[in-house]
Amino acid sequence: MLIDTHCHLSHFKKAEQKAVVERAKKANVTKLITVACTLDEVGECIPLTDEYDFIWTTAGIHPTQLPVNIEHELEKVLEYAKNEEKIVAIGEIGLDYYHDTAEHELQAEFFIGQLNISKQLNKPAIIHCRGGKNPGENEQAFIDMIQILEREDFKNGVVHCFSGNRVEAERLLDMGLMLSFTGIITYKNNEELREVISDTPLDRMMLETDSPYIAIEGKQGGPGEPAFVADIAKAIADIKNVPIEEVVRITTANAERFFGI
Ligand SMILES: [Zn+2]
């Protein structure tokens with residue numbers, strides 16, 4: 001039994017969604033969280049959670065999708081997350097210095113506002129953090145994110161599609177956060193990320209595909225999909241030199257506990 005803790009079903013074409021979910025079931029993925037990046041997407045994801053009892057969703061505004069009216073939007077996130085039973089997390093939220101579509105101060109303000117909603121409702125946060133494009137810029141987003149989390153004394157979160165270094169991973173784990181890993185851990189040039197996985201205890205990690213955006217080694221050209229979570233479990237088992245059953249059992253239990261699903 002596998003769980004894809006982070007996919008974007010609403011970003012697949014409507015006509016493909018059913019087949020994507022069926023292939024996930026065949027690949028032993030028994031629970032899915034389809035993550036929203038905007039308020040509109042929350043509205044698209046809720047019907048999927050009504051249709052399938054094994055699908056849950058989130059409410060949150062992605063740092064590349066920030067609108068102007070902070071207060072109004074945060075109120076809506078709160079309202080959704082408070083009233084919808086199948087919204088199990090606030091996300092995805094965070095900092096994105098790669099696309100850099102909003103001032104860093106505005107990104108921080110939205111991030112903190114949504115961390116507060118997570119605290120208020122006691123629903124965990126799904127955190128996105130992506131560094132800049134140019135060499136040397138890569139660390140700044142992680143430095144800023146860690147500083148915000150420390151200042152807000154925030155622990156009930158997962159840093160999704162973790163792409164930082166060993167020091168940042170250790171710091172986040174020490175602070176009490178979880179890390180989740182996508183198919184990028186299977187890419188040939190990602191040796192440092194495999195070292196992060198070696199260092200990260202199984203009971204502090206979860207699996208996700210971030211599909212359709214991320215595939216796995218050998219399939220980079222095409223879209224990813226939730227069924228690939230099995231390949232990610234296999235990659236972690238190989239890196240840690242433990243049976244795949246152990247990776248599946250522990251990461252599934254982590255996700256069930258963390259999201260209450
Ligand atoms: Zn995502």
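Quick look at the structure, then. Along each chain, residues carry numbers from 1 onward, in the same order as the chain's sequence is written. Reporting in this predicted model follows two pLDDT cut-offs: at least 70 for local features of residues, and 80 or more for side-chain atom pairs to be given and counted; totals over whole chains, interfaces and linings ignore these cut-offs and use all residues.

1. Some details on the overall build of the chain
Counting its secondary structure elements, the chain contains nine helices and eight strands. By residue count, 47% of the 261 residues in the chain fall in the buried class. Residue pairs in contact within the chain that sit at least 24 positions apart in sequence constitute 70% of those at least 6 positions apart. Strands here are runs of E lasting at least two residues and helices are runs of H or I lasting at least four, both read from the DSSP assignment and numbered beginning at the N terminus. In this scheme the burial state of a residue depends on its C-beta neighbours within 10 Å: 20 or more other such atoms mean buried, 12 or fewer mean exposed, and anything in between means partly exposed; the C-beta positions come from the backbone. Whether two residues are in contact depends on their C-beta atoms, placed from the backbone: they are in contact if these lie within 7 Å.

2. A word on the pairing of strand E3 (residues 55–59)
Counting buried positions along E3 yields five of five residues, so the element is predominantly enclosed. Burial along E3 is two-sided: the residues Ile55, Thr57 and Ala59 and Trp56 and Thr58 are all buried. DSSP bridges decide pairing: two strands pair if at least two such bridges lie between them. In terms of strand pairing, strand E2 (residues 29–34) meets E3 through three bridges, oriented parallel. Each residue of the ladder has a partner; that of Ile33, found in E3, is Trp56.

3. Notes on the pairing of strand E4 (residues 87–96)
Across the 10 residues of E4, 10 count as buried, placing the element largely inside the fold. Following the backbone out of E4, through helix H4 (residues 104–121) and into the adjacent parallel strand E5 (residues 125–130), one traces a crossover that is right-handed. We call a crossover right-handed when, viewed with both strands directed away from the observer, the connection leading from the first strand over the helix to the second proceeds clockwise.

4. Some details on unusual backbone geometry
Of note, the bond from Gly91 into Glu92 is cis; its omega dihedral lies within 30 degrees of zero at 0°. Mapped onto the secondary structure, Glu92 falls in strand E4. A cis geometry characterises the amide bond from Ser211 onward to Pro212, with omega recorded as 5°. Structurally, Pro212 is set in the loop between strand E8 (205–207) and helix H8 (229–240). Even without glycine at this site, Asp100 takes up a positive phi of about 50°. Along the chain, Asp100 turns up in the loop between E4 and H4. With 17 C-beta atoms counted inside 10 Å, the residue Asp100 sits in the partly exposed group.

5. Description of the nonpolar core
Note on definitions: a nonpolar core is a set of buried residues drawn from Ala, Val, Leu, Ile, Met, Phe, Trp, Tyr and Cys, linked by C-beta atoms within 7 Å. The biggest cluster of nonpolar side chains holds 75 residues, and the ones touching the most others in it are Leu179, Phe181, Ile232 and Ala233. Beyond its immediate stretch of four places on either side in the chain, Leu179 contacts Val158, Val159, Phe162, Ala169, Leu172, Thr200, Arg204 and Met205.

6. Re the environment of Glu195
Here Glu195 lies in helix H7 (residues 191–199). A C-alpha to C-alpha distance of 31 Å links Glu195 and His11, two positions 184 residues apart in sequence.

7. A closer look at the packing of helix H6 (residues 166–175) against H7
Axis angles are defined between N-to-C directions and span 0 to 180 degrees, where every axis is a line fitted to C-alpha atoms and, for a helix, only to the segment in contact. It is the contact of H6 with H7, at a shortest axis distance of 9 Å, that shows an interaxial angle of 30°. Our classification of the angle between H6 and H7 gives roughly parallel. Taken as a pair, H6 and H7 cross one another with a handedness that is right-handed. Here Arg166, Ala169 and Glu170 of H6 lie close against H7, whose contacting residues are Glu195, Val196 and Asp199. Ten residues, namely Ala, Val, Leu, Ile, Met, Phe, Trp, Tyr, Cys and Pro, are considered nonpolar, four, namely Asp, Glu, Lys and Arg, are considered charged, and the remaining ones, Gly among them, are considered polar. When the residues that make up the contact of H6 with H7 are grouped by side-chain class, the tally is two nonpolar, no polar and four charged. Between 65 and 115 degrees an angle is taken as roughly perpendicular, under 35 as roughly parallel, over 145 as roughly antiparallel, and anywhere else as oblique. Left-handed describes a crossing whose near helix is turned anticlockwise from the far helix by less than a right angle; the clockwise case is right-handed.

8. Quick notes on the packing of H7 against H8
Relative orientation of the contacting elements H7 and H8 amounts to 75°, with a least axis distance of 9 Å. It follows that H7 is roughly perpendicular to H8 by the angle criterion. Along its contact with H7, which presents Arg194, Ile197 and Ser198, the element H8 presents Ile236, Ile239 and Lys240. Looking at the contact of H7 with H8, its residues break down into three nonpolar, one polar and two charged.

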